[in-house]
Amino acid sequence: MQEIELSGGNASGVVVRVGASVRKPATASTPVVMRYMEFLRRRDVPVPAHYGFDELGRQNLEYIDGTLAMDCTEFGGPELRRAGAMVREIHDASAEFRWEQSDQFCTPIAAPDQQLMCHNDLAPWNLVLADQWVFIDWDAAAPSTRLWDLAYAAQSFAVNDPSADPREAAGRLSAFVHGYRAEAELTDRLMETMIARVAAMHELLRSSHEAGIEPWGSMYTQGHGQHWAGVYRYLIAHRVVLGAAV
């Protein structure tokens, strides 16, 4: 069948669509990620099916047809609450997943602790909207913490535009966090963790550029470094109004 190259991925290598499937390079973390995805599917969490490997050794996954949340012009309060609820569902289901000491993970940004398995990139560029909403691109899944994963998701969905009115961003953040039903122990530390997570992302890109590590090094010069630096400054400048929203 014809292979159609898919755009959008930054760290997955060449990804193609073949009929109703997606083919992408396998990594050291693929075995545990496959187990994790199947674990979530058995608990009725919407996750693409993983069919194993094709004749070229590439991952063979279900193609999810729909519109990416990042391309949706109408993604306001109700949609943000639904996305937040999806992240909560994933976290709650993941709490029972157990990884092995021998498992390997592709984690360019170290998590502050290893409390539960997390997607680590729950963002609007990885959420496909159709009759059923589905998060895709699970290759970076690895042990992390609920707060670290939530901070990244909340920031990427609600506070990712450094030019936005901070009051509007605060409303978006409130909708997402309320959809997640975050407890006080999370909301009390969410703002500081969002800042730390964005700083970690920028540092990954900056240090990779200096060391010549790809694909992060090239991403730094292609606008990603500038974007994450801008988001960091925005969070610092408006931390009071944003923090009050959660």
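Scroll up a little and you will see the structure.
Worth saying up front: this structure is predicted, and the values here are computed from it rather than measured. (Residues numbered from 1 in each chain as written. Predicted model: local features only at pLDDT ≥ 70, side-chain atom pairs only at ≥ 80, totals over all residues. Heavy atoms only, no water.)

## Some points on the pattern of salt bridges
So, point 1. The tally for this structure, following the rule as stated, stands at 14 salt bridges.
So, point 2. Here Lys24 and Asp137 are joined by a salt bridge, their closest N and O atoms 3.2 Å apart. Of the two residues, Lys24 sits in strand 3 (residues 21–24) while Asp137 sits in the loop between strand 9 (134–135) and strand 10 (142–144), which places them 113 residues apart along the sequence.
So, point 3. Residue classification places Lys24 among the buried residues on the basis of a relative accessible area of 8%.
So, point 4. The partner of Asp92 in a salt bridge is Arg88, with the nearest N and O atoms 3.1 Å apart. Separated by 4 residues within a single helix, Asp92 and Arg88 lie in helix 2 (residues 77–94), roughly one turn from each other. (Salt bridge = Lys/Arg side-chain N within 4 Å of Asp/Glu carboxyl O. Helix = DSSP H or I, 4+ residues; strand = E, 2+ residues; numbered from the N terminus. Buried < 20%, exposed > 50% of the residue type's maximum accessible area, 1.4 Å probe, protein only.)

## Brief notes about the sheet that holds strand 4 (residues 50–53)
So, point 1. As summarised here, the arrangement of the 5 strands in space is 1-2-3-5-4, forming an open sheet in which the pairing is antiparallel. Each edge of the open sheet carries a strand with a single partner, namely strand 1 (3–5) and strand 4. Strand-to-strand, the axes of this sheet are offset by a mean angle of 30°, without reference to chain direction.
So, point 2. For strand 2 (residues 16–18) and strand 3, the ladder comprises 3 bridges, and the chain directions are antiparallel. Within strand 3, the residue paired with Val16 across the bridge is Arg23.
So, point 3. Here helix 1 (residues 30–42) sits on the sheet in contact with strand 4 and strand 5 (59–62), set at roughly 160° to strand 4. (Pairing = 2+ DSSP bridges. Axes fitted to C-alpha atoms, helices over the stretch in contact; angles between N-to-C directions. Contact = heavy atoms within 4.5 Å.)

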